[in-house]
Amino acid sequence: MTQIFQAPSSSTLTFHQFTSQPKAGLYVAEKSGSCLLSQRHVRNLNVSYTYSNLSSFTAKVASNGVSGQTAESEVLKALSQIIDPDFGTDIVSCGFVKDLLVDEGLGEVSFRLELTTPACPIKDMFEQKANEVVAALPWVKKVNVTMSAQPAKPMYAGQLPAGLQTISNIIAVSSCKGGVGKSTVAVNLAYTLADMGARVGIFDADVYGPSLPTMVSPENRILEMNAEKRTIIPTEYMGVKLVSFGFAGQGRAIMRGPMVSGVINQLLTTTEWGELDYLVIDMPPGTGDIQLTLCQVVPLTAAVIVTTPQKLAFIDVAKGVRMFSKLKVPCVAVVENMCHFDADGKRYYPFGRGSGSQVVQQFGIPHLFDLPIQPTLSASGDSGMPEVVADPQGEVSRTFQELGVCVVQQCAKIRQQVSTAVSYDRSIKAIKVKVPDSDEEFYLHPATVRRNDRSAQSVDEWTGEQKLQYSDILDDIEPEEIRPLGNYAVEITWPDGFNQIAPYDQLQMMERLVEVPQLTPA
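In this report, the structure presented in the accompanying data block is examined. Every chain begins its residue count from 1, and numbering advances along the sequence as written. For a predicted model such as this one, the threshold for reporting local features is a pLDDT of at least 70, and the threshold for listing and counting side-chain atom pairs is 80 or more; totals across whole chains, interfaces and linings nevertheless cover every residue. Note that water and hydrogens are dropped before the side-chain values are worked out from all heavy atoms of the structure.

## Overview of the pairing of strand E28 (residues 499-503)
Part 1: Using a 1.4 Å probe on the protein chains alone, a residue whose accessible area is under 20% of its type maximum counts as buried, one over 50% counts as exposed, and one in between counts as partly exposed. Labels follow the DSSP assignment, with helices taken as runs of H or I lasting at least four residues and strands as runs of E lasting at least two, numbered in each case from the N terminus. Only one face of E28 is covered, namely the face carrying Gln-500 and Ala-502; the face carrying Asn-499, Ile-501 and Pro-503 is uncovered.
Part 2: Should DSSP find at least two bridges between two strands, the strands are regarded as paired. As paired strands, strand E27 (residues 489-493) and E28 are joined by five bridges and run antiparallel to one another. Directly across from Thr-493, in E28, lies its bridge partner Asn-499.
Part 3: With antiparallel pairing between neighbouring strands as the criterion, E27 and E28 make up a hairpin whose turn holds five residues, including Gly-497 at a positive phi of roughly 90 degrees.

Encoded structure:
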């Protein structure tokens, strides 16, 4: 079956639909001798491109370059020289430039740079470069740049509890084994992110042995309840919001697993977290029901794995990494705690070496951080003041600063990948797919995606019989909206009101469209 789509400027894009998967990058030409080009190679189409979220300016692009060199376009062209190193794209295309105002007569330019997070480690560089490139324009006499961050919003598109709807990133700190310093890493990471300018919360998910009440010293050590809303008000210490079963006035819990899962769910989802850039979850040890409940209820952005050099720690940590992998939660860093200590001018490794690097190598986790055996790190955990607060210039704090930068950058990359993984191109009437952590990009026919729905409305759950018939879906159907659903799928809204959950794995198995631009005379 061949679908013909009309593109701008009267050019015809011809797609061939295959019943089996073609090889990535394969383009099939018609026998008429048309050029074999991908869409990005076609440069003679007249198109309009609107900079993301910038309503004040639209650049008209033609085959001979940019037309109408207005003052605004000169400013945007200058700003497009600044590349975001995480996204590999200029800040104009990223949609960072907001509220652009130009007074050409006075030579004044003002605008706002809205970054993805207030904890951006290179925000000062962005501000400096933006001032420099705009001031270099010959007619500009004054530049006013203000910095801001995007409002906190979850990456997940589904129905979230009210308390989680204004949290941008949720980070799980996990070890799957007790006694390796997981809580120490979680607390110090949270306060490092707060020091970088982010709004941060910590959730202590260990009901059997909560550590947070020992590691921080809030003035109010009891969680309060909003009786009218029936919600929990978190306590705070040095600007970081805190929730732990240890602050519930009951100490440690003695209860069965299903009850614990319910308590954790209630504490996490009914808390008035407010707007947070990062919520750090101190995961309980293990890979059982409690951990699975947390991973499935909460839209985790990423995970940080904590281990020690011993082989026994690696065995348990490997189970945790596999759990996160199965649940499509990317592990962005490994922290190897209690690695070494220095004495008499030498460095000693009392527990051996290699567990952390083994996790990195075996599972492809990109970043490894080492923490030394240091008395002050242990003492700060017992004193109620995190080490990064007590000694912000020390060796341990420098390691946590590197870890904080890593987490911020990786979360930004993950959100960007997820937000652009699946989109609908109306000009060619095809769904574009680029799964996170994959270099492969391909197109799907909307009707193919709709017909391949595997929900109970389309397939009988008991017999496996196909209820949705091929003829039930029109060939010209188009999606109304595509929204990311965590790190593993998208939710597609169709004109008939049906919301389809389409996992990335399923999209990769569908028959694909192969694009063949066939240039025809106007």
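## A few points about the pattern of salt bridges
Part 1: A pair is scored as a salt bridge if a Lys or Arg side-chain nitrogen falls within 4 Å of a carboxyl oxygen belonging to Asp or Glu. Per the counting criterion, the structure on display carries 13 salt bridges.
Part 2: Put simply, Glu-478 and Arg-426 hold a salt bridge, and the shortest N to O gap is 3.4 Å. Residue Glu-478 is found in the loop between helix H12 (446-451) and strand E26 (481-485), and its partner Arg-426 is found in the loop between strand E23 (422-425) and strand E24 (430-433); the two are separated by 52 residues along the sequence.
Part 3: Note that Arg-483 is salt-bridged to Glu-481, the shortest N-O span being 2.7 Å.
Part 4: Owing to a relative accessible area of 18%, Arg-483 belongs among the buried residues under this scheme.
Part 5: On the basis of relative accessible area, Glu-481 is assigned to the partly exposed category, the value being 41%.
Part 6: What you see here is one network of salt bridges that share partners, running through Asp-99, Arg-112 and Glu-114.

## With respect to the sheet that holds strand E9 (residues 108-115)
Part 1: Strand order in the open sheet formed by three strands is E8-E9-E10, with mixed pairing between adjacent strands. Whereas interior strands pair on both sides, the edge strands pair on one side only; in this sheet they are strand E8 (97-103) and strand E10 (142-149). Strand-to-strand, the axes of this sheet are offset by a mean angle of 10 degrees, without reference to chain direction.
Part 2: Two strands pair when backbone bridges link them, and E8 and E9 are joined in this way by five bridges, in the antiparallel orientation. Following the sheet pairing, Val-102 is matched in E9 by Val-109. The convention used is that axes are lines fitted to C-alpha atoms, helices contributing only their stretch in contact, and that angles between N-to-C directions extend from 0 to 180 degrees.

## Overview of the nonpolar core
Part 1: Side-chain atoms within 4.5 Å are what join buried Ala, Val, Leu, Ile, Met, Phe, Trp, Tyr and Cys residues into a set we call a nonpolar core. Counting residues in hydrophobic clusters, the biggest one holds 104 residues, and the most contacted among them are Phe-203, Ile-281, Phe-324, Leu-403 and Leu-507.
Part 2: Both of domain 2 (162-249 + 256-416) and domain 3 (422-509) provide at least three residues apiece to this core.
Part 3: Only heavy atoms enter the contact rule, under which two residues are in contact if any of them lie within 4.5 Å. Setting aside anything within four residues of it in sequence, one finds Phe-324 in contact with Ala-172, Ser-174, Met-283, Cys-295, Leu-300, Ala-303, Ile-305, Val-329 and Cys-331.
Part 4: Of all hydrophobic cores here, the second largest spans 26 residues; its members include Leu-79, Ile-91, Val-97 and Val-134. The split of the chain into domains comes from an automatic or database domain assignment.

## Points about helix H7 (residues 311-326)
Part 1: Expected helix span is computed as 1.5 Å times (number of residues minus one). Between the first and last C-alpha of H7 there are 23 Å, a value that for 16 residues agrees with the 22 Å anticipated at 1.5 Å per step.
Part 2: Looking only at H7, the buried set comprises Ala-313, Phe-314, Asp-316, Val-317, Ala-318, Gly-320, Val-321, Met-323 and Phe-324.
Part 3: For H7, the elements touching its buried residues are strand E11 (167-174), helix H6 (289-297), strand E18 (302-307), strand E19 (331-336) and helix H8 (355-363).

## Comments concerning the packing of aromatic side chains
Part 1: In summary, the pairing rule links any two rings of Phe, Tyr or Trp, Trp by its six-membered ring, whose centres are within 6.5 Å, and it sorts them by plane angle into stacked for under 30 degrees, edge-to-face for over 60 and tilted for everything else. With the rule as written, the count across this model stands at four aromatic pairs.
Part 2: On the numbers, 6.4 Å between centres and 55 degrees between planes, the contact of Phe-87 with Phe-96 is tilted. Both residues of the pair, Phe-87 and Phe-96, count as buried.
Part 3: Here Phe-96 and Phe-126 contribute two aromatic rings whose centre-to-centre distance is 6.3 Å and whose plane-to-plane angle is 70 degrees, an arrangement assigned as edge-to-face. Here Phe-96, found in the loop between strand E7 (89-90) and E8, pairs with Phe-126, found in helix H2 (residues 123-135); they are 30 residues apart in sequence, far enough to count as distant.
Part 4: In this structure an aromatic cluster arises from ring pairing among Phe-87, Phe-96 and Phe-126.
Part 5: We call a charge positioned above a ring when the Lys NZ or Arg CZ atom is no farther than 6 Å from the ring centre and deviates by at most 35 degrees from the ring normal. Residue placement shows Arg-451 over the ring face of Tyr-470; its charged tip is 3.7 Å from the ring centre.
Part 6: Sitting over the face of the ring of Phe-442, Arg-512 holds its NZ or CZ atom 3.8 Å from the ring centroid.

## Regarding the sheet that holds E19
Part 1: The strand order across the open sheet built from eight strands is E15-E16-E12-E17-E11-E18-E19-E22, with neighbouring strands paired in mixed fashion. Edge positions in the sheet fall to strand E15 (235-237) and strand E22 (368-370), since each has one partner strand and no second. Each adjacent strand pair in this sheet contributes to an overall mean axis angle of 25 degrees, direction not counted.
Part 2: Bridge count for E15 against strand E16 (residues 240-244) is three bridges, and the pairing is antiparallel. In the sheet register, Thr-235 faces E16, and the bridge partner there is Leu-242.
Part 3: Those strands touched by helix H11 (residues 395-419) are E11, strand E17 (276-282), E18, E19 and E22, and its axis lies near 165 degrees from that of E19.

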